Amino acid sequence: MSVILDVKHLSKSFGENPVLKDIDFTVSKGEVISIIGASGSGKSTLLRCINLLETPSAGEILYHGENILSRNVKAPRYRSHVGMVFQSFNLFNNMSVLKNCTVGQRTVLGKSREEATANAVKYLEKVGMAPYVNAKPKQLSGGQKQRVAIARALAMEPEILLFDEPTSALDPEMVGEVLAVMKKLADDGMTMIVVTHEMAFAKDVSTRVIYMNDGVICEEGTPDDVFVNPQKEETKAFLARFRDKG
Amino acid sequence: MYSSLMLSRAGLVASNLGDDIAKLWREASPQYLKGARDTLILAVVATAVGCIIGLLCGILQTLKYSKSDFVLKKIFINVIKVVVRVYVEVFRGTPMILQAVFIYFGLPYLTSNALRFDVITAAYVVVSINTGAYMAETVRGGILSIDRGQTEGAMAIGMNHFQTMVKVILPQTLRNIIPQIGNNLIINIKDTSVMFIIGYAELFAAHKAYVGATYLYFPSAVVTMAIYLIMTVVCSLLLRLWEHFIDGPENFNLATTDTLALTSGMNNFPSGKRRRAR
Ligand SMILES: Nc1ncnc2c1ncn2[C@@H]1O[C@H](COP(=O)(O)OP(=O)(O)OP(=O)(O)O)[C@@H](O)[C@H]1O
Ligand SMILES: [Mg+2]
């Protein structure tokens, strides 16, 4: 399997507060990695560092062997290869659903209007939102917004997609539609890193699970390794707490 | 004064007022209408130019640099910010009537006539840069009030700072500051009256010229006020229309049907908030 991302000794502090400490992991093509862990353990910060929305304090992030933290790598260009789906959707409020999915292709990738539109519609169909091309974000439900956000990221044809708790802001009855879309992407071979509290998704869909605790990768392995045979006490305690909460 | 005198003969005045206004309108309506036209054009043009100045200054004030940027870039950005701040503070913090004096009389005086504007240009320049100073702050606030998630969403698909601003942030800022643009336009319609100080012939100047010749202070004031009010009300209506135009239709049309969501089929989600099922 070809390695897309290689994260080495990544650290991040906010002021005096170390949030990520010496994180090491690789992402290969086709992997679906779930990152689980308690609130405040640094999961979002890790994803945001990978997408350069935060600047790491130390370490390297190699994208196909090139360190993207070096000064001569253009962050916008790199980001266009690494899609991100946010907890709060972050759809552009001033644009229709269609425009949300074409604006990046037009301005960043320089595609023609026709090409961008065809591509956008293709991905909107994939997430079941093609009928809503003319809607504005404020006219959509949360689940619909998140599916459009996924289509917007896909329309850039990224090599890897990052999800930061994509279903946490949704009403319970809308979680399913978004997870269904994500499962479909995984089945199609999309490389994904998913920060999630949906343990069923992490168990059933991902190829690898990372448990983060207090800024470090505490445990890592197949879903079976982590959920059925966790080795670390912290992991066991976290999973037990999760089961209690239901 | 004249107005208190009028109160004592209230009965008479009502009919006199009508006659006086009719007389005034017969004699001088072209001057009043020309004044109104020049007021309106000055206010509209200067507000528009002021908005462009404000937009530029507002954007400049939100420029950022990161630690890793080159020293020269950091210095450059800081110098720009200081210049913009000084401009804003000076032109917001002094009366427009004095700014007019300064630019119309002061500039030729200081440059021994090398730099001088005619009355009309001076009026446009003063009102424009005055409006620009107010709009700079409005735009800055407007940009800051856009949710950080909008910027992050744009950055995440690879847009750079400039593209993010032009495509995502500024259109939303512009929508949000339309009420402020309207405020400025209305203020300008009224406050351009101080341009009489440099002899710009707008509506208030027409009033002054007429009462100077006829002493019909109150009838002329009534007419002048009515014209100002008509202009401001029409302008605020037009701005409302503009807002509606930008907002687009309340509802949208489905292209076909949504296949994934069980809960769909509703064309209109006014607030995005939904009752939980069961
Ligand atoms: N911009 C910031 N400035 C200062 N501290 C921050 C910032 N962003 C995050 N932190 C801190 O970093 C720590 C990790 O935050 P992070 O958002 O990565 O956690 P998380 O694992 O994603 O939690 P959650 O499950 O609640 O989303 C927290 O203690 C948080 O307070
Ligand atoms: Mg988080």
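Everything numeric here is computed off the predicted structure, so don't read it as measured data.

Asks: Quick one: what's the story with the nonpolar core, residue by residue and with numbers?
Replies: Residues and elements named next belong to chain A. In terms of nonpolar packing, the biggest core is built from 40 residues, with L124, I150, F163, M182 and M192 touching the most fellow members. Those elements that place two or more of their residues in this core are α3 (97-107), α4 (113-126), α5 (142-155), β7 (160-164), α6 (172-187), β8 (192-195) and α7 (199-205). Among the elements that take part in this core, α6 stands out by supplying eight residues, more than any other. Dropping the residues within four chain positions of it, M182 is found in contact with I150, F163, P166, M192, V194 and F201.

Asks: Help me get a handle on the environment of B:P171, residues and values and all.
Replies: With respect to the helices and strands, the residue B:P171 is situated in helix α7 (residues 161-191). Contact partners of B:P171, with chain neighbours within four places excluded, come to A:N94, B:M165 and B:V166.

Asks: Run through the environment of B:F204, naming residues and quoting values.
Replies: Residues and elements named next belong to chain B. Note that F204 resides in helix α8 (residues 203-214). Judged by its relative accessible area of 28%, F204 falls in the partly exposed class. Residues F204 and A221, 17 residues apart in the sequence, show an inter-C-alpha distance of 9.2 Å. Those residues in contact with F204 that lie beyond four places of it in its chain are S193, F196 and Y228.

Asks: Quick one: what's the story with the state of the cysteines, residue by residue and with numbers?
Replies: Inspection of every chain in the model, using the stated rule, returns zero disulfides over all chains. A:C218 forms no disulfide, and the closest cysteine sulfur to it belongs to A:C49, at a distance of 19 Å. When its relative accessible area of 11% is taken as the criterion, A:C218 is described as buried. No disulfide involves B:C235; its nearest neighbouring cysteine sulfur is the one of B:C51, lying 13 Å away.

Asks: Explain the interface of chain B and chain A to me, and be specific about the residues and the numbers.
Replies: The interface is formed by 44 residues belonging to chain B together with 42 residues belonging to chain A. Buried surface at the junction of chain B and chain A, both sides included, amounts to about 3,400 Å², of which 55% is carbon and sulfur. For the pair chain B and chain A, the number of links is one salt bridge. The salt bridge involving A:R48 is made with B:E152; its shortest N-O contact spans 2.7 Å. At the junction of chain B with chain A, the criterion picks out seven residue pairs in polar contact (both at pLDDT 80 or more). Taken together, the elements giving at least two residues each to the side of chain B that touches chain A come down to α6 (148-156), α7 and α9 (217-247) of chain B. Considering each element in turn, the side of chain B that touches chain A owes the most residues, seven residues, to α6(B). A class-by-class count of the residues in the side of chain B that touches chain A yields 18 nonpolar, 17 polar and nine charged.

Asks: Break down the domain arrangement of chain B for me, citing the residues and quoting the values.
Replies: Domain assignment breaks chain B into domain 1 (29-247) and domain 2 (254-278). The C-alpha-based centres of domain 1 of chain B and domain 2 of chain B are spaced at 43 Å.

Asks: Any details on a positive patch on the surface? Residues and values, ideally.
Replies: On the surface, A:K99, A:R106, A:R113 and B:K167 cluster together into a patch of positive charge. Tracing the chain through its elements places B:K167 in helix α7. For B:K167, a relative accessible area of 33% translates into the label partly exposed.

Basis of the calculations
Residues numbered from 1 in each chain as written. Chains lettered and ligands numbered in written order. Predicted model: local features only at pLDDT ≥ 70, side-chain atom pairs only at ≥ 80, totals over all residues. Heavy atoms only, no water. Core = buried A, V, L, I, M, F, W, Y, C linked by side-chain atoms within 4.5 Å. Buried < 20%, exposed > 50% of the residue type's maximum accessible area, 1.4 Å probe, protein only. Helix = DSSP H or I, 4+ residues; strand = E, 2+ residues; numbered from the N terminus. Contact = heavy atoms within 4.5 Å. Disulfide = S-S within 2.5 Å. Buried area = accessible area lost by both parts, 1.4 Å probe. Salt bridge = Lys/Arg side-chain N within 4 Å of Asp/Glu carboxyl O. Polar contact = N/O pair within 3.5 Å; in protein donor to acceptor, adjacent residues only side chain to side chain. Nonpolar A, V, L, I, M, F, W, Y, C, P; charged D, E, K, R; others polar. Domains from an automatic or database assignment. Patch = residues over 30% accessible without salt bridge, like charges linked within 9 Å, V, L, I, M, F, W, Y side chains within 5 Å. Areas by Shrake-Rupley, 256 points an atom, 1.4 Å probe, with all protein chains shown as cover. Lys, Arg positive; Asp, Glu negative; His and termini not counted. Charge placed at Lys NZ, Arg CZ, Asp CG, Glu CD.

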